[in-house]
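Here's the letter readout for the chains.
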Amino acid sequence: MTTIDLRKAVLEEVIALWDDEETMQQLLDYLQSLRGVDRQACINGLPYTRQERQNALMQAEADVMSGKVSAHDEVVVRIKEMMETWK
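Criteria and thresholds
Residues numbered from 1 in each chain as written. Predicted model: local features only at pLDDT ≥ 70, side-chain atom pairs only at ≥ 80, totals over all residues. Heavy atoms only, no water. Helix = DSSP H or I, 4+ residues; strand = E, 2+ residues; numbered from the N terminus. Buried < 20%, exposed > 50% of the residue type's maximum accessible area, 1.4 Å probe, protein only. Areas by Shrake-Rupley, 256 points an atom, 1.4 Å probe, with all protein chains shown as cover. Expected span 1.5 Å × (residues − 1). Salt bridge = Lys/Arg side-chain N within 4 Å of Asp/Glu carboxyl O. Patch = residues over 30% accessible without salt bridge, like charges linked within 9 Å, V, L, I, M, F, W, Y side chains within 5 Å. Lys, Arg positive; Asp, Glu negative; His and termini not counted. Charge placed at Lys NZ, Arg CZ, Asp CG, Glu CD. pLDDT = per-residue confidence, 0-100.

Section: the overall build of the chain
- In terms of helices and strands, the chain carries 4 helices and 0 strands.
- The order of α-helices and β-strands along the chain, N terminus first, is α-α-α-α.
- The 87 residues of the chain split such that 0% are buried.
- Summed over all atoms, the accessible surface of the chain reaches about 8,000 Å², with 59% contributed by carbon and sulfur.

In structure tokens form, the structure reads like this:
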């Protein structure tokens, strides 16, 4: 396969996916990962891909619905109490 044939085949595959927004986003994420785009902004342990962010959001919503969360004010009080023990 020549370079021109290869380019044509790649572009035909992309055009075949053109109307599927989710697949196009995955393709864009993949192409950018091949080039190393935005890897500097990636923090280990934090959701990076769109799917990872969606999964994290779904888990957070499930935690809220099941009551596995604490109010901000309660967390602040607990942290202050812990900090007092460090002194």
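Once you've had a look at it, read on.
Some remarks on helix α3 (residues 50-66)
- In this model, α3 (17 residues) spans 24 Å end to end at C-alpha, consistent with the 24 Å of a helix rising 1.5 Å per residue.
- Just past α3, the residue G67 takes up positive phi, approximately 80°.

Things to note about the pattern of salt bridges
- Applying the stated criterion across every chain, the model contains 1 salt bridge.
- K8 is the partner of E12 in a salt bridge, and the nearest nitrogen-oxygen pair spans 3.9 Å. In this pair, E12 and K8 are both assigned in helix α1 (residues 3-17), 4 residues apart and thus about one turn of the helix distant.

A closer look at a negative patch on the surface
- Together, D19, D20, E21 and E22 give the surface a local cluster of negative charge.
- Along the polypeptide, D20 turns up in the loop between α1 and α2 (21-35).

Some words on the confidence of the model for the chain
- Confidence in the prediction for the chain averages 84 pLDDT; 85% of positions are at 70 or higher.
- Confidence scores differ between elements of the chain, with α2 showing the lowest mean pLDDT of 82 and helix α4 (residues 72-86) the highest of 92.

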